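# What the coordinates show
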Amino acid sequence: MLNIIIFGKPGSGKGTQASLIKDNYNLVHISTGDVFRKNTSQGTDLGKVAVQFMSKGELVPDEITISMLKEEIKSFMPCNGFIFDGFPRTIIQAESLDDLLKSMELNIDMVVALDVENNKLIERLLNRGKTSGRSDDKSEEKINKRLEEYDKKTKPLIDFYKNQKKFISINGVGDLNDVTTRLISIIDSKIS
Ligand code: ADP
C-alpha cells in the first residue's frame, strides 16, 4: 500500500493536485473538507455540526473529524492506498492516524507539502469564492481566520513529520501541470 498526505495551507492546491495524481498510483482520495461539505449539503447530523465551524473558518473539533475519517478509511478497505487531503490538520489527528494505520499494519509513506505564500493564497481563494459557492472563500476575514488556524494548529505537523523523516516540500506556484509534474517526480523518487 502507498499512503500519502498532501499538505499545505488553505488554497495551496491540495485538492486539485490530489485529484490529478490519485489515478497515477491507484489511490483513494480522501478530502475531509469534501466529506464535511457533502454532509452539510445532505443535512446530516455530522454536517449540521461541521458547518458551524467551517462557516467561521475554524477547524472542526478533533473528536468529530477523527471518527469521521476512521469511518471513511474503513469504507474503502481493502485498497491500494490513500491520498489524504486536509487531514491531519492537528497533532492529535496525526497521532490518531498513525495509531489507526498501525493497527492495520500500515503507515504513512510520505507527506508532500505544496509551498505557496500567503498573498497568493488569499488571491486564489477569493477567486475560487466567485464560482465555488463556498462561503468560507468569499470573505477575506474568513480566509485570514483559516490561515491563523493553520499557523496555530497545523503548522506544528511540519516538525512532527520531519522527525519521522517523511516531510517533503515542493514549490506549489506556477502552471497547474508543472506542479503535478513536480509532485509525481518527487513521489516516484521516494517509492523507487
Ligand atoms: P481548504 O484547505 O481550502 O481550507 P478544505 O476543504 O480542506 O479547504 O477545508 C474546509 C474546512 O473544512 C476547514 O476550514 C475546516 O473547517 C474543515 N476541515 C477540513 N479538514 C479538517 C480537519 N482535518 N480538521 C478539522 N477541520 C477540518
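Just so it is clear, the structure is predicted and the values come from calculations on it, not from any experiment.

Here helix α2 (residues 32-42) crosses helix α4 (residues 62-76) at 95°, and the two axes come no closer than 11 Å. Regarding the angle of α2 to α4, the classification is roughly perpendicular. For the pair α2 and α4, the contacting residues are T32, V35 and F36 in the first and T65, M68, L69 and E72 in the second.

Considering all chains together, one arrives at four aromatic pairs under this definition. A centroid spacing of 5.0 Å and a plane angle of 85° characterise the contact between F160 and Y161, whose relative ring orientation is edge-to-face. An identical accessibility class is assigned to F160 and Y161; each is buried. Counting every residue linked through ring pairs, the aromatic cluster contains F7, Y150 and F167.

The next point concerns the sheet that holds strand β1 (residues 2-7). In space, the five strands of this open sheet follow the order β2-β3-β1-β4-β5, with parallel pairing throughout. Strand pairing shows two members of the sheet lacking a second neighbour, β2 (28-31) and β5 (167-171), which therefore form its edges. Neighbour to neighbour, the strand axes of the sheet diverge by 20° on average, direction disregarded. With four bridges connecting them, β2 and strand β3 (residues 81-85) associate as parallel partners. Directly across from I30, in β3, lies its bridge partner F84.

Another aspect to go through is the nonpolar core. Of all hydrophobic cores here, the largest spans 24 residues; its most connected members are I5, F7, I73, F84, L97 and Y161. If you list the elements that add at least two residues to this core, you get β1, β2, α4, β3, α5 (91-103), β4 (110-115) and α8 (156-163). Every residue in contact with L97, bar those within four places of it in the chain, is listed here: I5, L69, I73, F84, F87, P88 and I108.

Our next topic: α4. Counted at 1.5 Å a residue, the expected span for α4 with its 15 residues is 21 Å, and the 21 Å between its end C-alpha atoms agrees. Of all the residues in α4, the buried ones are T65, I66, M68, L69, E72 and I73. For α4, the buried positions fall inside an angular range of 165° around the axis, keeping them on one side. Exposed and facing more than 90 degrees away from the buried side of α4 are E63, E71 and S75. If you follow the buried residues of α4, they end up packed against β2, α2, α3 (45-54), β3 and α5.

Scoring rules and cut-offs
Each chain carries its own residue numbering, running from 1 in the direction its sequence is written. Whole-chain, interface and lining totals are the exception, using all residues; otherwise, since this is a predicted model, local features are given only for residues with pLDDT of at least 70 and side-chain atom pairs are given and counted only at 80 or more. Excluding hydrogens and water, the side-chain figures rest on all heavy atoms present in the structure. Axis definition: a line fitted to C-alpha atoms, over the contacting stretch in the case of helices. Angles run 0 to 180 degrees between N-to-C directions. Helix numbers and strand numbers start at the N terminus; a helix is a DSSP run of H or I with at least 4 residues, a strand a run of E with at least 2. Just so you know how the angles are binned, under 35 degrees is roughly parallel, over 145 roughly antiparallel, 65 to 115 roughly perpendicular, and the rest oblique. By the convention used here, residues are in contact when the closest approach between their heavy atoms is within 4.5 Å. Only rings of Phe, Tyr and Trp enter the pairing, Trp through its six-membered ring, and a pair is recorded when the two centres are within 6.5 Å. The plane angle decides the type: under 30 degrees is stacked, over 60 is edge-to-face, the rest tilted. Any residue under 20% of the maximum accessible area for its type is buried, any over 50% is exposed, and the rest in between are partly exposed; the area is computed with a 1.4 Å probe on protein chains only. A pair of strands is considered paired only if DSSP assigns at least 2 bridges between the two. What makes a nonpolar core is a set of buried Ala, Val, Leu, Ile, Met, Phe, Trp, Tyr and Cys residues whose side-chain atoms join them at distances within 4.5 Å. To estimate the expected span of a helix, subtract one from its residue number and multiply by 1.5 Å. The directions considered for the arc run from the helix axis to the C-beta atoms.

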